[in-house]
Each structure stands twice: as structure tokens, then as C-alpha cells.
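Chain and residue survey
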Amino acid sequence: MNLAVRDIRHNLGRFVLTTLGVGMLLMVVMGMGGIYRGLVDDALVVTRGVGADLWVVQRDTRGPFAEVSRLPRSLVDRVAAVPGVTDAREFVFHTIQREHRGKPLRMGVLGLGWPTDKGEGLPLIAGRPLAQNHFEMIADESLGLGLGERLRLGKDTYTVVGLTRWLVASGGDGIACFTSRDAQAIQFDEPGESIRLERQARRARADEIDFGRTQPGVLDRASGPAQNLAALPGPAISAVIAHLMPGTDPASVQRSMSGWSDVTTYTGPQQEELLLKGSVDRARRQILLFRVLLTIISAVIMALIIYTLTLDKLHPIALLKLIGAPTRVIAGLILQQSLIMGVLAYGVGYLIGTRLFPLFPRRVLVTNDDLLRLAGIVLVISVLASLLGIWKAMRVAPNEAIG
Amino acid sequence: MTDPLALETSGLTKVYGSGHTEVVALRDASMRVRRGEVVALLGPSGAGKSTFLLCVGLINPPTRGTVTIGGKLMQDGPRSLGDLRRFRREHIGFVFQKSNLIPFLSAIENVQVVGELIGRPSSVARRRANELLDALGVGKRAFNMPTQLSGGEQQRVTVARALANQPSLILADEPTAALDSVRGRQVMELFRDVAHRHGTGVIVVTHDHRALDVFDTIYEMEDGLLKPAASTAAKATPPAHDIRLS
């Protein structure tokens, strides 16, 4: 006869409510773990998706994910010429916020190195990669855009031709992929009036110098588009990403570029480490600590619940001792109840969590490893929680059943 | 256990506290209870009756004296000889003033659990519990929880539980206190029947003088002193029944 089950059956309502409460608590622990994993995964999704062996960024900066990095487009050709590099591409990344359907739309803008990179490597769930150099985009589904939907950004209108899932920036904003030219056009878009004023200012500056007055052609150029002025730099890119030949040591290529005074290079793992120790580090550690705290709180609450349940059973326990029940029967009663509660609460937490987490605004990534680890922790907590109850039960004298 | 004596105590003394707070609850109490003998223990509150039962039931160790149950010396002063809890579950049955059933077990489970504790298979323990409940007239209430039973029914289930391990000794502390006189007498007669049928020694602490004719032997206790009751001294002799040990 299983006394633990009999006692649970007798106090079913209370046990169910308590288990539900503990289950919700475990769901929060599970969720915090998922948010932690999601944060880490989101932070790395772009770098892993790009799969670069080397990141070449502006000198003494930590790359486009940590701070502003501006490099000339010509750097792509310099990197491509380094021995060991199979291909080099421009990398453009920045975050924008626009109005769409009357609501703010915040997105990460990722430039693909057209024509070598059309987005074939992206996690597409619908549509296709980019098929032309301009006016197409691949959007993450979290942005709420549909296939074929048109979005005006700057002076141009872009059509959504593909959809991805969980392609988000470290801040949790969905990423939209454009060709790098379009990404730059979006980044450096200026209103027409601003451009006109800048051209007038250039003309005025040229008028004031001898060179402008003696060379009328210069005045004409000053009034024209900026890209036609050799003295002005072209739009900057964020980084250059390089892929290396199989078997090439990234450190040796880094050494080759160490003499370049305008850039800093990072390997793929170094870039990931910079991301995790940089932009998401505090949030990551905060969630981790909060998770540890929640686990401890769960353990304490479970111990108190089991202890209280034991206090309610002191008379039957004394009676069991009086009629000669061995210690293992009494300890088993408390331990089994604790384990049953722990296992059921874990199941409740899992069932509610798996239905609730997809509704969260940011990704909650609950991995099998984390689930197994938490299951182990719950088992340990259940055993530890029961120890307090068992200790109390062992102190009950059989004659307390008579009083 | 084939010893003709279900219980023998010798010089049982229990002292609580020490120095100026010392209270002598039991003074040199000696008693012999044969198998099949039903003994009443009378006395006012605080006389030491319950202390005597706790010592004899191997729950509270005496300060001095010995307790021998079924021929086996179990307590020699405060020193316990053997696994008392195991001995209790195998050889002693308890019935108390309050029915003291385990609240989360049904009537039959309350009896069955004792059988399982002494190592009987679940089915055997359940069959035995069923037989006992039937024999005590509460078979139809076997699947009711304790709160669904009347006081008399609860007490009968408690008696069934006390019998489930086929004990050599049953200790009952005011088992009829919560019952009316008719029910009280029925329970007392039940003890007599059980004792005579199963050869079990029974000690009943009681205030109920109306059912004293049921008992084979009557003892009185006052200020911790145990002695045969003067008014019923003639009864303090071994029972005349032909006892068959089970």
C-alpha cells in the first residue's frame, strides 16, 4: 500500500493547487533559462549565419555589433588579395526605426554582398533569396511583414521576397536583408532639402576660393551629386568579412594584416566572444543570476511546502510509529510525496511553458539539455526538500498519537 | 510465542524530572497477564495508568523494573532489549480513547496497513482485514473513510487494527470514553471475546464501572501504586476459560 498516494488522494485539492503553484514557479525558472539561451542565440545568429573566418573592422573598434565601424568599400579588394583568403565581402549592418501601418517598426538592416551573396544561406521559411540588385528585401517574420508586401524606406520602396525565422539582432529586433548598396542607401538616406542645402553650401564655399572662381567646372561639380566629387568619400561599409582556404590558419592571415594601420581583424570565435562579453553581457549575466536565484527560491518554497505537509501529518506519523511502522516507511511517505510533487510540478511547468513561451515578444529558447538539467535539479530539490520534513517526522514521539 | 504469560512486569517504576521537580508516576508496579485474560485497570486521573500502558507498550522506557512480553524480556530499566518498534508491530495491539485511525486511509486500509507492516503480502493483509472487519460488524463500512464512521464504528475498526497482527497483548486506554453505555459495553465484550478466542492478553484502562463484570481481573492504581481491586479481589485469579493459543 502506497501511503504517499493515499495521503495525496485524501488531500487532492490542496495537493493539486500546491503542485500547480510550484509548477508555475518551475515554468518561470524554465522560461528564464530559455530567455538566457534566446539572448545568447539571438546575439550570435548573424555572425553564425555569415560564417566568416575573419572580420576586418575599423582600427581599434570592436566591430559593427559593438560600436560604429566605418571602412571604405575598397578594403574588400585589399582583403581579397591577402594570401589564404578565398573571398571577401562587404558587411553592412545598422538598426533603423520607421513608421509602418501607423506603428513603429524597428529592424536591423543587414547588407548582403551582392552578387556573391543573395541570401541563400539564410533560414528562409517562405519566398526566395534576392534576385535583383535593388528594391528587394528578405524580412524576418517577427517584423510582421508578409510576402509581397512593399515597404518604403528612404526614397525607395522595397518588396518582401523572402521570410526568415528567428533572424534577429542582439537587441531582439527582427533583421531585414538587402543588398549592401540598398542597405547603405537606407543608412545614408537624406531628405531632398538637406541635399539641396548641402550642395548650395558647397557652391558657396567654392565661390569663396580662387580655384572655384578660376575653374567654372568646379562650381558645376560642387552643385552636383556628392558621388561625382572625387574629394568626398563614398558611403562607408561596417566591416569586411573574409572566408579562408580550407586548412588556412586564421592567425597567420591576421598576422599578414597586422601591419595595416587602418583596420583590426577578429576571427569568427573572437567576434562571437566580443558579442557575448560586450553588448549582451550584462543582460546575460543578469538573467543567469536571476535564474539561479529563482532555482534557490523554488527549492526553499518546495522545502517549506513539504515541511508544512509533514506538519499536517504529525499525528498519523506518530500513530504509524506507535503501531511499529519502520523509519523507512515514514521517510518513504514524505520523500515519495516530495518526488511526486516535483515531477508533476515539472510536467505542469513544461506544459504551460511550451504553450506560453511562443507568445513572448523575445525568443525563449528551451533546449533539451536545459530541460534535462532542470529535471535533475528538480529531483535534487525534491529530495532536499523532503529532508526537512523527514527530520521533523523523525522527532515525533509515538506517544504523541495518544495525547 | 507460546509462553502462557502474555505480559509480566516486575518492579516497574517511572520517575519524571529530578530533584525538587521529580514526579514518581509509577511505583514498583508488578503485573502478570495470562494469554486470554482480560484485565481492567481502574484509578483516578493522574494515578499513573497511562504511564503504565506506555511502559508496557514499549513506548516510554521505565526508570526501573522489567517488562516481559510473551516470555521475551524487552525492557530492563531504561535499557531496551531489541528493536522495540518491530516488536510493537509484531506483538502488541493498541486501542485508545480517541479512535486514532489514520485519516487518509479507509477503514479496511487502516487494518490492512498493519498486516503489510509485518510483511504480509498485500492481498493476504487485505483478506485478513476484511475478515476482521466482518467479524467486528463493520464489514459494510470497509471502504468508508474514518470521518464517515460513527464513534462506535471507528472504535471497532481500531480494535480490528489492533488484532491485525495477531498480537499477544492488546493495550486499551479508555476505549469507551467517547461511547454511550450500550456501545461501551459492546466494545468491552468485544475485548473479552477477542481475548478468549485468540488467547490474547488484554489490559483495559477504564473509568466505566458498569462493565466490570466483563473482566477476568481488576487492578486499581493510585499515586502510581498498582494493586488488585479490593472489591473484586475474587476476580483477580487466572481465567477459567479453556484457552487455545492461535
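Residues numbered from 1 in each chain as written. Chains lettered and ligands numbered in written order. Predicted model: local features only at pLDDT ≥ 70, side-chain atom pairs only at ≥ 80, totals over all residues. Heavy atoms only, no water.

**Some words on the overall build of chain B**
Broken down by element type, chain B carries six helices and 11 strands. On C-alpha atoms alone, chain B measures out to a radius of gyration of 17 Å, which is about the 18 Å that the 2.2 N^0.38 rule sets for 246 residues. Over its C-alpha atoms, taken along the principal directions, chain B stretches across nearly 50 × 40 × 40 Å. In chain B, of all internal contacts separated by at least 6 residues, the share reaching a separation of at least 24 is 68%. Accessible surface, chain B as shown: approximately 10300 Å² in total, 48% of it carbon and sulfur. Distance between charge centres in chain B, computed from 30 positive and 25 negative side chains, equals 4 Å. (Helix = DSSP H or I, 4+ residues; strand = E, 2+ residues; numbered from the N terminus. Rg over C-alpha atoms; globule rule 2.2 N^0.38 Å. Contact = heavy atoms within 4.5 Å. Areas by Shrake-Rupley, 256 points an atom, 1.4 Å probe, with all protein chains shown as cover. Lys, Arg positive; Asp, Glu negative; His and termini not counted. Charge placed at Lys NZ, Arg CZ, Asp CG, Glu CD.)

**Some remarks on the environment of A:Y346**
All names here are of chain A. Tracing the backbone shows Y346 in helix α12 (residues 327-356). Residue Y346 is classed as buried on the basis of its relative accessible area of 17%. Residues contacting Y346, with those up to four places away along its chain left out, are L26, M30, L371, L372, L374, A375 and V378. (Buried < 20%, exposed > 50% of the residue type's maximum accessible area, 1.4 Å probe, protein only.)

**A word on the packing of aromatic side chains**
To describe a pair of aromatic rings, one takes the distance between the centres and the angle between the planes. Residues and elements named next belong to chain A. What the rule picks out here adds up to six aromatic pairs over all chains. Geometrically, the ring pair formed by Y158 and F178 is edge-to-face, given 5.1 Å between the ring centres and 80° between the ring planes. With Y158 in strand β7 (residues 156-164) and F178 in strand β8 (residues 175-179), the pair connects residues that are 20 residues apart, well separated along the chain. Each member of the pair, Y158 as well as F178, carries the same accessibility label: buried. (Phe/Tyr/Trp six-rings, centres within 6.5 Å; stacked < 30°, edge-to-face > 60°.)

**Regarding the side chain of B:E174**
Residue and element names in this part refer to chain B. By the element assignment, E174 lies in the loop between β8 (169-173) and α6 (181-198). A distance of 3.4 Å separates polar atoms of two side chains, one belonging to E174 and the other to H207. Apart from residues no more than four positions distant in its own chain, E174 is found in contact with F96, Q97, V205 and H207. (Polar contact = N/O pair within 3.5 Å; in protein donor to acceptor, adjacent residues only side chain to side chain.)

**Remarks on the pattern of salt bridges**
Per the stated rule, a full pass over the model turns up 26 salt bridges over all chains. Among the ionic pairs, B:E8 bridges to B:R32, the shortest N-O distance being 3.2 Å. Highlighted residues: B:E8 in strand β1 (residues 5-16) and B:R32 in strand β2 (residues 23-34), separated in sequence by 24 residues. B:E90 is paired through a salt bridge with B:R86; the nearest N and O atoms lie 3.3 Å apart. Of the two residues, B:E90 and B:R86 both sit in helix α2 (residues 84-91), four residues apart, roughly one turn of that helix. Classification of B:E90 as partly exposed rests on a relative accessible area of 26%. Counted as one network, the salt bridges with shared partners bring together A:D41, A:D42, A:R48, A:E272, A:R362 and A:R363. (Salt bridge = Lys/Arg side-chain N within 4 Å of Asp/Glu carboxyl O.)

**Considering unusual backbone geometry**
Residue and element names in this part refer to chain A. Following W114, the chain continues into P115 via a peptide bond in cis, with omega recorded as 0°. Summarising the element assignment, P115 is placed in the loop between β3 (103-112) and β4 (124-127). Residue F135 is not a glycine yet carries a positive backbone phi of 70°. Position of F135 relative to the elements: it lies in the loop between β4 and β5 (136-140). Residue F135 is classed as partly exposed on the basis of its relative accessible area of 37%.

**A closer look at the interface of chain A and chain B**
Chain A puts 25 residues into the contact, and the matching count from chain B is 24 residues. Taking both sides of the interface into account, the surface hidden between chain A and chain B amounts to around 2300 Å²; carbon and sulfur atoms contribute 66%. Contact with chain B buries surface across chain A, with A:M1, A:L322 and A:I323 losing the most and accounting together for 29% of the total. Run the count over chain A and chain B and you get two salt bridges. In this structure, A:R6 engages B:E109 in a salt bridge whose closest nitrogen and oxygen atoms are separated by 2.7 Å. Inspection of the chain A/chain B interface yields 10 residue pairs in polar contact (both at pLDDT 80 or more). (Buried area = accessible area lost by both parts, 1.4 Å probe.)

**Considering the side chain of B:N165**
All names here are of chain B. Mapped onto the elements of the fold, N165 is located in the loop between α5 (151-163) and β8. Under the relative-accessibility criterion, N165 is labelled buried at 6%. Only 3.1 Å separates the side chain of N165 from the backbone oxygen of I92, close enough to count as a polar contact. Beyond its immediate sequence surroundings of up to four residues, N165 is in contact with R88, R89, E90, H91, I92, V114, I118 and R120.

All quantities given are derived from atomic positions and should not be read as evidence of function.
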